[in-house]
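Commentary on secondary and tertiary structure
Here is how the chains run, residue by residue.
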Amino acid sequence: MGARFLKRHGFAAVADLVAQHKDLAQWSRLGEAQILYLADKLVNDERIETIEARKRRMHARFADQPKAWQAAKKRLEKAQELERRVESATRKKLHKILESTPSRMSEVV
């Protein structure tokens, strides 16, 4: 939905990124789409949360929907792999990188 809107209004490059933010295709290197995907899994409303916290929240939310829980779990496992790759590339733990960012997105603007 958002990707189509962006594409129609001349933002094709951004649209391609947005199209992958929920369910990332296969990747071989860290790039903009992978970072956006990871960021999407680290933000809950306006708050930054760990992937483990999100996993617990999603498990509770989909406790009575096994297929939905498995899909969410698969996406979060991709995010955990990306987290490890970011940490390897930066030689820093992700939580240390995020410590220097505001804990609420409203503090950014």
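Above this text is the structure in question.
Below, the structure is looked at part by part. (Residues numbered from 1 in each chain as written. Predicted model: local features only at pLDDT ≥ 70, side-chain atom pairs only at ≥ 80, totals over all residues. Heavy atoms only, no water.)

Inspection of every chain in the model, using the stated rule, returns 6 salt bridges. The partner of glutamate 49 in a salt bridge is arginine 54, with the nearest N and O atoms 3.4 Å apart. For the pair formed by glutamate 49 and arginine 54, the shared burial category is buried. When salt bridges with common partners are traced through the structure, they connect Glu49, Arg54 and Arg57 into a single cluster. (Salt bridge = Lys/Arg side-chain N within 4 Å of Asp/Glu carboxyl O. Buried < 20%, exposed > 50% of the residue type's maximum accessible area, 1.4 Å probe, protein only.)

We now examine the packing of helix 3 (residues 32-42) against helix 5 (residues 66-90). Contact geometry of helix 3 with helix 5 gives a least axis separation of 9 Å together with a crossing angle of 120 degrees. Pair helix 3 / helix 5 crosses with left-handed handedness. From helix 3, Gln34, Ile35, Tyr37, Leu38 and Lys41 reach across to helix 5, where they touch Arg75, Leu76, Lys78, Ala79, Leu82, Glu83 and Val86. (Axes fitted to C-alpha atoms, helices over the stretch in contact; angles between N-to-C directions. Helix = DSSP H or I, 4+ residues; strand = E, 2+ residues; numbered from the N terminus. Left-handed = near helix turned anticlockwise from the far one by under 90°. Contact = heavy atoms within 4.5 Å.)

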